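Residue strings, one per chain:
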Amino acid sequence: MSANQDGVDLLEVRGLTKTFGTLTACDHIDLNVAKGEIHALLGENGAGKSTLVKMLFGTLEPNSGEVFWNGQAVTISNPGFAKKLGIGMVFQHFSLFEALTAAENIALSLDDGSPISTIAAKARALSYSYGLPLDPQSLVGDLSVGERQRIEIIRCLLQTPQLIILDEPTSVLTPQEADKLFETLERLRSEGKSILYISHRLEEVKRICDRATVLRHGKVVGHCNPRKETAASLARMMVGNDVQAVVRAPVQGIETAQPLLEIRALSRRPATPFSIPLRNINLTVRAGEVIGIAGVAGNGQGEFFESVSGEVPQQDPASVRIRGKDAGGLSITGRRLMGAAFVPEERLGHGAAPRMKLSENLLLSRHATDGKVFVGAGGMVKSDATYAAAQRIIKAMDVRKSALDPEAAALSGGNLQKFIVGRELDRRPSVMVVNQPTWGVDAGAAAHIRQTLIELARSGSAVLVISQDLDELFEISDAIAVMHNGELSKPLPIAEATFEKIGMLMGGAEPGHAEHALETS
Amino acid sequence: MMRLELVKRPQRSMLFSALSPFIAFMLTIIAGAILFALLGVNPLKAFQIYFLEPVSQVWQLHELAIKAAPLILIGVGLSVCYRANIWNIGAEGQFILGGIVGSSIPVLFPQFEGPLVLPLMLLFGMVGGAAYAAIPALLKTRFNTNEILTSLMLVYVAQLFLDWLVRGPWRDPKGFNFPQTIQFNDSAILPELMPASGRANWGFVFALVAAVLVWILMSRMLKGFEVRVLGSSPRAGRFAGFGINRMVFFAFMLSGALAGLAGISEVSGAIGQLQPVISPGYGFAAIIVAFLGRLNPLGIVAAGLVLALTYLGGEAVQSALGISDKVARVFQGMLLFFVLGCDTLIHYRIRLIGFAAPKLESAPKLEEAR
């Protein structure tokens, strides 16, 4: 860049505002990104981080506000224009075609007509020079999530951007993979490129970022140097107050407690070409304990949840046993009747029907287990009873809502999750299986949900938690098992578990796992 | 260069959701006025003949009830299908099969008389319609075929089957070779409600009872909840333990049974024998009725009466003004078009988007391409 532009920030945002209906997702955001810095955008889920970067990348149109690029006012009307300016983006959810090779996926986004072989050679050279080895000829469908992220990063770097936006890049990585990514980012910074790094993980922000802008409820609440802050002070800025710590009393003599959920040699073929098969999974969850299942997203957790819940029943009845009885051949309703309760990962459309009231959503999982209470003679729904029960759950879980009995879609993600978890807790289930209990939930509500799960276990139930959030699992689990490529490791008691050990397992360090050919090439 | 884009509205207007059928009706009237004007008739006079004269005398109200009964019965059944996101387009065929199976008793056993005949015929009609509707349900659940296509194609099978029956094995031997069955005996005829004032029969009562029962089913019962959950969010329905395959059969067979009941009621009430054509397209018009009634059984009663009027009006303008009675089909088509259009615009707004090439100069405020 020429000298006359020195002293001018690469990107300056003034008063950027975006409203969706009555919700102001971004409210007069100011942000400066200097050349050659890693700038963190911190905030809880729903704070407006993603909305802000979508406006910077041209996929959303701001209602008002200005954007300056190298000191010149610009209107970023579409992603193509953002790329021309020199803004590259690596999305949280990848946009790759699984049936195509890495090189073909990259070629699709370049649209400059150069032959695939040229692109592949360029991509390979670039990937090795940045320490992100990538085989351009490999099929995306065969790659791990971390490897897919490399494709996205390489694709972004091939366009020689000045500013790279990374949206929650480590949420899909093992700790070791994340370390590698940080090295790459530091290398990019040393070359004078700027990085806008979106995260809610405080430790990594403290580690690699030069400056931070903190968002809360769509507003900028502060700019700071994360290296001079503590994790607690950053959390306070993000959340607005101190978060109550989760209390977990250790359990004694769990080895002799009654097993309530047993999974024996559970295997499942992949349902689609791109889903993960389950391979000989064994696990026992005893009364009084919380077992956590860690793993990078897309390693079979969804398939495992479907099999354990009975949304997809098994051939072998003994592969899932609930309270000592075979349940593998039963439907989800049959397993609920045995005392099990389930909370899926997706709230809207899976755990709850978006356009239905909370009292109706209560009926979703409890029409059979509490049939006498909620359903009267001839299949008539007792709406007084469902309404009363819904209000009871709303009160117990402190669900914040705008109407007495609103539609599920009208609640924020965190409040809906509190309701869905509360709906199952209200039954006092003896087995509780939860997939991603606090994904997208604000810190206060997350602590509440985690505490209730621990209390449920301590009152004599078996609790199984599947999560990609390692901090969460270390907070609540008595033992942690790791799912990788459809296999489940032995549970590590929490006293022996460390981030490093779990991270190794998440990367596939368990014996018997075949490495991808890529690693050796 | 411009293109249109539908943008989802953040909120639906409750007011316009409620008004939408009426707005659609007004738009139909306006388009109809243009149509009549182009045909060279005074629109006001045409509307008077089309919409007012057919309901100006008591006996004509009876005719309205006769036409409305099948539309309501079928429409109520279809509303359950559509709420479950299952697209039964073949009610016309289920109507015909209900008529055929129900008529098998008086046609094959003309000596069989007494109070049992009619209930048995109605039951047979419902079973016939339900069984015929089970075919697309089976194809969908076993082979994942598209139920829109299979149920629609089965309509033509049913029409040709009826045609073959009345020209072949079931033809009245003493009927001078006319393609029709024997006249049903008296105990096989659906009685009229008030014979003194007009021809309306018990079919209209069946329609009202069915509407109330289905309304209770959908709004008060667990089964109705199941229909709504599976229709609006199938994955949540699976989580609830509701089986989608069972639902496909339930919705198809319930609507098939109601269409079959409508069919046998029409044959044994209004017609009194089988003939090559027993329906002026009730099964298709009932799709319009279901949507015009906002898939609410009570709204469908009102919508059924409106659609019945378009049939009577079509006949009236044909005899009074010499306009083809196909104009009734045109009115029904316009009504459905406007209903769906209004519903779409309640959920989405239209945005015009210009293809302006992105520019790299400073401050390229994207030109307003409107």
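### Considering the overall build of chain A
Here comes step 1: Secondary structure summary: chain A contains 17 helices and 21 strands in total.
Here comes step 2: Its C-alpha radius of gyration of 24 Å places chain A within 12% of the 24 Å reference for a compact globule of 521 residues.
Here comes step 3: Taken over the C-alpha atoms alone, chain A extends approximately 80 × 55 × 45 Å along its principal axes.
Here comes step 4: Out of the 521 residues in chain A, the part that is buried amounts to 54%.
Here comes step 5: Across chain A, contacts joining residues at least 24 apart in sequence account for 66% of those joining residues at least 6 apart.
Here comes step 6: For chain A, the accessible area works out to roughly 21400 Å², and carbon and sulfur atoms hold 53% of it.

### Comments concerning the domain arrangement of chain A
Residue and element names in this part refer to chain A.
Here comes step 1: If you check the domain split of chain A, you get domain 1 (3-239), domain 2 (245-339 + 429-521) and domain 3 (352-428).
Here comes step 2: Centre-to-centre separation of domain 2 and domain 3, based on C-alpha positions: 26 Å.
Here comes step 3: Contact with domain 2, which involves 17 residues of that partner, is made by 14 residues of domain 3.
Here comes step 4: Interface area for domain 2 against domain 3, summed over the two sides, is near 1300 Å², with a carbon-plus-sulfur share of 69%.
Here comes step 5: For the pair domain 2 and domain 3, the number of links is zero salt bridges.
Here comes step 6: The tally of links between domain 2 and domain 3 comes to three residue pairs in polar contact (both at pLDDT 80 or more).
Here comes step 7: Breaking the side of domain 2 that touches domain 3 down by element, the ones donating at least two residues are α10 (332-337) and α15 (443-458).
Here comes step 8: Looking at the side of domain 2 that touches domain 3, the element that brings in the most residues is α15, giving five residues.
Here comes step 9: Its residues assigned to classes, the side of domain 2 that touches domain 3 shows eight nonpolar, eight polar and one charged.

### A short note on the packing of aromatic side chains
Residues and elements named next belong to chain B.
Here comes step 1: Counted under the stated rule, the structure contains 18 aromatic pairs over all chains.
Here comes step 2: Relative to F338, the ring of F337 has its centre 5.3 Å away and its plane inclined at 75 degrees; by these criteria the two rings are edge-to-face.
Here comes step 3: Overall, F338 belongs to the buried group, its relative accessible area being 19%.
Here comes step 4: Three or more aromatic residues joined by ring pairs form one cluster here, namely F25, F36, F47, Y50, F51 and F331.
Here comes step 5: Lying over the aromatic face of F143, R142 brings its terminal NZ or CZ to 5.9 Å of the ring centre.
Here comes step 6: Looking at K223, its charged tip hangs above the ring of F250, at a distance of 4.7 Å from the centre.

### A look at helix α13 (residues 327-347) of chain B
Residues and elements named next belong to chain B.
Here comes step 1: Here α13 is 21 residues long and its end C-alpha atoms lie 31 Å apart, about the 30 Å a rise of 1.5 Å per residue gives.
Here comes step 2: Along α13, the residues that are buried comprise V327, A328, F331, Q332, M334, L335, F338, V339, C342, D343 and I346. Down the axis of α13, the buried set is contained in an arc of 165 degrees. They therefore lie on one face. Facing away from the buried surface of α13 by more than 90 degrees, the exposed residues are R329 and F337.

### So, the nonpolar core
Here comes step 1: Counting 162 residues, the largest nonpolar core has M432 and I502 of chain A together with F36, I74 and Y82 of chain B as the members making the most contacts within it.
Here comes step 2: Element by element, the count of residues in this core is highest for helix α3 (residues 58-83) of chain B, at 14 residues.
Here comes step 3: Each of two domains, domain 2 (245-339 + 429-521) and domain 3 (352-428) of chain A, supplies a minimum of three residues to this core.
Here comes step 4: The residues contacting M432 of chain A, other than those within four sequence positions of it, are A341, V343, V421, E424, L425, L453, L456, A462, V463 and L464 of chain A.
Here comes step 5: By size, the runner-up hydrophobic cluster in this structure holds 44 residues, among which are Y130, I153, L173 and V239 of chain A.

### Some points on the sheet that holds strand β3 (residues 38-42) of chain A
All names here are of chain A.
Here comes step 1: Strand order in the open sheet formed by six strands is β6-β7-β8-β3-β9-β10, with mixed pairing between adjacent strands. Each edge of the open sheet carries a strand with a single partner, namely β6 (87-90) and β10 (219-224). Averaged over all neighbouring strand pairs, the angle between strand axes comes to 20 degrees, with direction disregarded.
Here comes step 2: Pairing geometry for β3 and strand β8 (residues 194-199), over five bridges, is parallel.

### Examining the interface of chain A and chain B
Here comes step 1: Contacts between the two partners involve 39 residues from chain A, matched on the other side by 26 residues from chain B.
Here comes step 2: Here chain A and chain B share an interface that buries about 2700 Å² over both sides, 62% of which is from carbon and sulfur atoms.
Here comes step 3: Linking chain A with chain B are eight residue pairs in polar contact (both at pLDDT 80 or more), by the criterion used here.
Here comes step 4: It is helix α11 (residues 358-366) of chain A that provides the largest number of residues to the side of chain A that touches chain B, a total of four residues.
Here comes step 5: In terms of residue class, the side of chain A that touches chain B is built from 17 nonpolar, 13 polar and nine charged.

Cut-offs and rules
- Residues numbered from 1 in each chain as written.
- Chains lettered and ligands numbered in written order.
- Predicted model: local features only at pLDDT ≥ 70, side-chain atom pairs only at ≥ 80, totals over all residues.
- Heavy atoms only, no water.
- Helix = DSSP H or I, 4+ residues; strand = E, 2+ residues; numbered from the N terminus.
- Rg over C-alpha atoms; globule rule 2.2 N^0.38 Å.
- Buried < 20%, exposed > 50% of the residue type's maximum accessible area, 1.4 Å probe, protein only.
- Contact = heavy atoms within 4.5 Å.
- Areas by Shrake-Rupley, 256 points an atom, 1.4 Å probe, with all protein chains shown as cover.
- Domains from an automatic or database assignment.
- Buried area = accessible area lost by both parts, 1.4 Å probe.
- Salt bridge = Lys/Arg side-chain N within 4 Å of Asp/Glu carboxyl O.
- Polar contact = N/O pair within 3.5 Å; in protein donor to acceptor, adjacent residues only side chain to side chain.
- Nonpolar A, V, L, I, M, F, W, Y, C, P; charged D, E, K, R; others polar.
- Phe/Tyr/Trp six-rings, centres within 6.5 Å; stacked < 30°, edge-to-face > 60°.
- Lys NZ or Arg CZ within 6 Å of the ring centre and 35° of its normal.
- Expected span 1.5 Å × (residues − 1).
- Arc of directions from axis to C-beta.
- Core = buried A, V, L, I, M, F, W, Y, C linked by side-chain atoms within 4.5 Å.
- Pairing = 2+ DSSP bridges.
- Axes fitted to C-alpha atoms, helices over the stretch in contact; angles between N-to-C directions.

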